[in-house]
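Each chain is listed here by its residues.
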Amino acid sequence: MSNYHIKHLEEYFQVYRKSVRYPEKFWEEIAEEHFLWRKRWDKVLEWDFTKPEVKWFQGAKLNITENCIDKHLFSHGDETAIIFEPNNPDEEAQHISYNELHRRVCKFANVLKSKGIKKGDRVCIYLPMIPELSVAMLACARIGAIHSIVFAGFSSSALATRILDSDCKMVITSDGSYRGSKTIDLKSIVDAALEKCPDVKNVLVAKRIDSDIHLKEGRDEWLQPLLDEADENCKPEMMDAEDPLFILYTSGSTGKPKGMMHTCGGYMVYTAYTFKNVFNYRTGDVYWCTADIGWITGHSYIVYGPLANCATTVMFEGVPSYPDFGRFWDIVEKHKVNQFYTAPTAIRALAKENLEYVESHDLSSLKVLGTVGEPINEEAWHWYNDNVGKKNCPVVDTWWQTETGGIMISPIPHSTPTIPTYATLPLPGIQPALMDDEGSEIKGNQVQGKLCIKFPWPGMARTVWGDHQRYKDTYFSAYENKYFSGDGALRDGVGYYRITGRADDVIIVSGHNLGTAPIEDAINEHQAVAESAIVGFPHEVKGNALYGYVILKEAGESRKHENVRKEINQIITEHIGPIAKLDKIQFVSGLPKTRSGKIMRRILRKIASNDTDNLGDTSTLLNPEVVDEIIENSLNK
Ligand code: WTA
């Protein structure tokens, strides 16, 4: 029996049972056999969900980059670590070997050091999907600096909030980025953000689009000349297993984004283990995850998980629709991709296009298909399974979160029989529980409840940066002694899990988590707006789209309304980013509220989804009359 690589269902059950009965022994064996530690741990696990405090492999020393790079150099140094596929298909792809990655990471790490960055410092990375992004994050990890990557689609004010929250000393960015037929001027977004961040001392700028940008004297520098000068060896900093590795922000239903903090040892073990099993990765395979490294999926399953397994991982700079809707399949064919991991929203968008885009490519290299980020609907699942996988590739529907660090519930290819829309069974080491509204665990099968996890796993986030209380309140207070995911789920007759969606005010649009509160705060800044409420409604491609109900200070004529609509989306774009724009904006005279003044979003959600037959009891509302008005003028009838 191999703990590390599960090959059939019986083995899964054996390994799973062991992982629940002897969790410490289970993880200890994996950690021992598959990773390079410079000092062994004193204790495998210490935990207390009431504080909450979780420590894995305490006392151990390691550097994750030694595990992701150096360890492979002796026998696999010439093999490809990263395949970089540029936005423009006519630009040549780069094959970066492990030797070359080592050289680049060491050089970059030495540049960071020369700028005074040291262990524990926070470095913000705001880069497009170019090799420098992976190299920059690994360079931080090499010297023990904590990277905080901000997705390069976020606005300057969203970037500033994140830089300030974790007090970053440096920003790494580029002169711009390519996205399909567009170029985006990233550097000016950084410049605008930094007006609010006086403590950022250095900005390193990678050259990507060759644009003529302004470098601020004494602060900004081109990256390449510094790299050219730098030494190509850099001794890895020895890190405690529980030292921070990175911070990554995720939206909450209220307040500012939460900087989820992940640590070195547990995160490494967990992402590597789950990568190996969920994608059934074999030596020599080419693996491609289409996410952006700015999200957790990219951190764990483009960079750390694959590299820790000495995999070849594809990094794609562009978009699925450029130069046409066949681009994904073109890349699969070109690089003979074996495992392909994407989001349901991308699948739905591609399924709408002519099937010829898929059928004109040779996809016979594919062995495993994965999805992540939101529930996949049955139609999309079948389209993916039939047309991309040719009914020959297991589809792994992987449920997890920024907070969990790695995949939690997912089929294991060739072990777990798949069913469309089901994430199926927990991975070894993961103990899910469904909770009822009274706070008790619901036992047995054929049940539905709030999804919690009962026992720690190595990859879980340890805190919210700078706000441990918020970590406790958000994840460990709803249910005693349990991690609460914020999702609802059902468990079917055989114990398979199906995620039913968020149980809070986070809305997942095109696979991106968006909190309603920050969007409402942005809208309310419009001078004509008195109050607003945002809900999600089903959308064919995005999964959910955003519907805004807005009360204006003064009712105006419809021409004015059109302008306000545009301005509201403009404000949202400036405060958060274009991903948070509203699809529908309905002007209303009031919002349904409870007697304690809370907006009844449940009712607004139903109206936005055109599901008004069963609104429940509205008579207890403070203002029941407003409901009829809102239904009457609904934009989704
Ligand atoms: C949702 C992404 C259904 C869920 C890795 C979760 C999913 C949130 C699935 C986390 C899935 C993720 N099926 N829902 N397979 N995967 N989700 O932090 O609501 O960006 O809580 O992490 O996405 O999103 P995040």
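Higher on the page you've got the structure.
Thresholds, definitions, all that
- Residues numbered from 1 in each chain as written.
- Predicted model: local features only at pLDDT ≥ 70, side-chain atom pairs only at ≥ 80, totals over all residues.
- Heavy atoms only, no water.
- Helix = DSSP H or I, 4+ residues; strand = E, 2+ residues; numbered from the N terminus.
- Rg over C-alpha atoms; globule rule 2.2 N^0.38 Å.
- Buried < 20%, exposed > 50% of the residue type's maximum accessible area, 1.4 Å probe, protein only.
- Contact = heavy atoms within 4.5 Å.
- Areas by Shrake-Rupley, 256 points an atom, 1.4 Å probe, with all protein chains shown as cover.
- Lys, Arg positive; Asp, Glu negative; His and termini not counted.
- Charge placed at Lys NZ, Arg CZ, Asp CG, Glu CD.
- Core = buried A, V, L, I, M, F, W, Y, C linked by side-chain atoms within 4.5 Å.
- Pairing = 2+ DSSP bridges.
- Disulfide = S-S within 2.5 Å.
- Axes fitted to C-alpha atoms, helices over the stretch in contact; angles between N-to-C directions.
- Near = heavy atom within 4 Å.
- Polar contact = N/O pair within 3.5 Å; in protein donor to acceptor, adjacent residues only side chain to side chain.
- Nonpolar A, V, L, I, M, F, W, Y, C, P; charged D, E, K, R; others polar.
- Salt bridge = Lys/Arg side-chain N within 4 Å of Asp/Glu carboxyl O.
- Phe/Tyr/Trp six-rings, centres within 6.5 Å; stacked < 30°, edge-to-face > 60°.

Engineer: Explain the overall build of the protein here, please?
Structural biologist: Of regular secondary structure, the protein possesses 19 helices and 31 strands. Taking 637 residues into account, the globule formula puts the C-alpha radius of gyration at 26 Å, and the protein, at 24 Å, falls close to it. Structurally, the protein occupies a C-alpha span of about 75 × 65 × 55 Å along its principal axes. In the protein, buried positions account for 61% of the 637 residues. Here the analysis covers contacts within the protein between residues at least 6 apart in sequence; of these, 70% occur between residues at least 24 apart. Counting only carbon and sulfur atoms, one obtains 46% of the accessible surface of the protein, whose full area is about 24600 Å². If you average the places of the 72 positive and of the 87 negative side-chain charges in the protein, the two averages end up 4 Å apart.

Engineer: Explain the nonpolar core here, please?
Structural biologist: A general trend in soluble globular proteins is that nonpolar side chains are found buried together. The biggest cluster of nonpolar side chains holds 126 residues, and the ones touching the most others in it are Phe57 and Tyr304. For Tyr304, the contacting residues outside a window of four places in its chain are Ile64, Cys68, Met137, Leu138, Ala141, His147, Leu245, Phe246, Tyr267, Thr271 and His299. In terms of nonpolar packing, the next biggest core, distinct from the first, is built from 41 residues, Ile163, Trp295, Leu546 and Ile576 among them.

Engineer: Before we go on, may I ask you to explain the pairing of strand S4 (residues 80–85) in this structure?
Structural biologist: Looking along a regular strand, one sees the side chains alternate between the two faces of the sheet. Burial analysis of S4 places 5 of its 6 residues in the buried class, which makes it a mostly covered element. For S4 and strand S5 (residues 94–97), the ladder comprises 4 bridges, and the chain directions are antiparallel. Across the sheet, residue Thr80 finds its bridge partner in S5, namely Ser97. Two strands pair when backbone bridges link them, and S4 and strand S17 (residues 312–316) are joined in this way by 4 bridges, in the parallel orientation. Paired with Ile82 across the bridge in S17 is Thr313.

Engineer: Help me understand unusual backbone geometry, please; the structure alone is not making it clear to me.
Structural biologist: With the exception of glycine, most residues fall at negative phi, and the peptide bonds are largely trans. For the bond from Lys51 to Pro52, the omega torsion is -20°, close enough to zero to count as cis. On the secondary structure map, Pro52 appears in the loop between strand S1 (43–48) and strand S2 (53–58). That bond from Tyr322 to Pro323 is cis: its omega, 0°, falls within 30 degrees of zero. Positionally, Pro323 belongs in the loop between S17 and helix H11 (327–335). In this structure, Ser510 is a non-glycine residue whose phi angle is positive, near 50°.

Engineer: It is not clear to me how the state of the cysteines should be interpreted in this structure. Could you clarify?
Structural biologist: In protein structure, a disulfide is the covalent linkage between the sulfur atoms of two cysteines. Inspection of every chain in the model, using the stated rule, returns 0 disulfides. Cysteine Cys106 shares no disulfide, and the gap to the nearest cysteine sulfur, in Cys234, comes to 5.5 Å.

Engineer: How do you make sense of the pairing of strand S26 (residues 497–502) when you look at a structure like this?
Structural biologist: For strand S25 (residues 483–491) and S26, the ladder comprises 5 bridges, and the chain directions are antiparallel. When the sheet's bridge partners are listed, Ala489 is paired in S26 with Ile499. Where S25 hands over to S26, the hairpin turn is made up of 5 residues, of which Gly495 adopts a positive phi near 95°.

Engineer: What am I meant to see in the sheet that holds strand S15 (residues 258–263) here?
Structural biologist: Sheets are built from strands paired through backbone hydrogen bonds, the pairs being either parallel or antiparallel. If you trace the 8 strands from one edge of the open sheet to the other, you get S12-S11-S8-S6-S7-S14-S15-S24, paired in mixed fashion. Every interior strand has two partners, whereas the edge strands, strand S12 (220–222) and strand S24 (463–464), have only one. Relative to strand S8 (residues 170–174), strand S6 (residues 122–125) runs parallel, the two being bridged by 3 bridges. Its bridge partner being in S8, Cys124 is matched across the sheet by Val171. Its contacts with the sheet put helix H7 (residues 186–194) on S8, strand S11 (202–206) and S12, and the angle it makes with S8 is roughly 155°.

Engineer: Just checking my understanding: could you explain the site of the ligand for this structure?
Structural biologist: Taken together, the neighbourhood of the ligand is formed by 17 residues, with Asp397, Thr398, Thr402, Asp487 and Arg502 sitting nearest. Between an oxygen atom of the ligand and a side-chain N or O atom of Thr402, the distance comes to 2.6 Å. Asp487 places a polar side-chain atom, nitrogen or oxygen, 2.7 Å from an oxygen atom of the ligand. Expressed as a share of its isolated accessible area of 530 Å², the protein-covered part of the ligand is 96%. Breaking the shell around the ligand down by element, the ones donating at least two residues are helix H10 (296–308), strand S20 (395–398) and S26. Each residue belonging to the shell around the ligand can be placed in one class, and the counts come to 7 nonpolar, 6 polar and 4 charged.

Engineer: Would you take a moment to explain the pattern of salt bridges for this structure?
Structural biologist: When the charged atoms of two side chains lie near each other, side chains of opposite charge can form a pair. Taken as a whole and assessed by the stated rule, the structure comprises 39 salt bridges. Note that Arg219 and Asp191 form a salt bridge whose closest N and O atoms lie 3.0 Å from each other. Of this pair, Arg219 sits in the loop between S11 and S12 while Asp191 is found in helix H7, placing the two residues 28 residues apart along the sequence. You can call Arg219 buried: its relative accessible area is 11%. Note on Asp191: relative accessible area 21%, which makes it partly exposed. Within this structure, Glu100, Arg103, Arg104 and Glu232 form a network of salt bridges that share partners.

Engineer: How should the environment of Lys598 be read in this particular structure?
Structural biologist: Counting through the fold element by element, Lys598 comes out in the loop between strand S31 (584–588) and helix H18 (601–608). Judged by its relative accessible area of 58%, Lys598 falls in the exposed class. A sequence separation of 24 residues divides Lys598 from Leu622, and the C-alpha atoms of the two residues are 9.7 Å apart. Sequence-distant contacts of Lys598, that is, excluding residues within four places in its chain, are made with Pro592 and Lys593.

Engineer: Looking at this structure, I do not really get the side chain of Ser410. What am I missing?
Structural biologist: In this structure, Ser410 sits in the loop between S20 and strand S21 (432–435). Residue class for Ser410 comes out buried when judged on its relative accessible area of 2%. Look past the residues within four positions of Ser410 in its chain and what remains in contact with it is Val278, Val396, Asp397, Thr398, Ala423, Thr424, Leu425 and Leu427.

Engineer: What exactly am I supposed to notice about the side chain of Glu66 here?
Structural biologist: Counting through the fold element by element, Glu66 comes out in helix H3 (residues 64–76). A polar contact is formed between the side chain of Glu66 and the side chain of Arg38, at a distance of 2.5 Å. Look past the residues within four positions of Glu66 in its chain and what remains in contact with it is Leu36, Arg38, Lys71, Arg142, Pro236 and Met238.

Engineer: Just checking my understanding: could you explain the packing of aromatic side chains for this structure?
Structural biologist: The relative placement of two aromatic rings is captured by the distance of their centres and the angle of their planes. Under the criterion given, the structure shown has 46 aromatic pairs. With 6.0 Å between their ring centres and 90° between their planes, Phe328 and Trp329 make a pair best called edge-to-face. Just as Phe328 is buried, Trp329 falls in that class too. Taking the centre distance of 5.8 Å and the plane angle of 65° together, the rings of Phe476 and Tyr483 count as edge-to-face. Each member of the pair, Phe476 as well as Tyr483, is classed as buried.

Engineer: Help me understand the packing of helix H1 (residues 9–21) against helix H2 (residues 23–34) in this model?
Structural biologist: How two helices pack is summed up by the angle between their axes together with the distance between the axes. Viewed as axis vectors pointing N to C, H1 and H2 meet at an angle of 115°, and their least axial separation amounts to 5 Å. Contact with H1, carried on its side by Val15, Lys18, Ser19, Val20 and Arg21, involves Pro23, Lys25, Phe26 and Glu29 of H2 and no other residues of that element. Looking at the contact of H1 with H2, its residues break down into 4 nonpolar, 1 polar and 4 charged.

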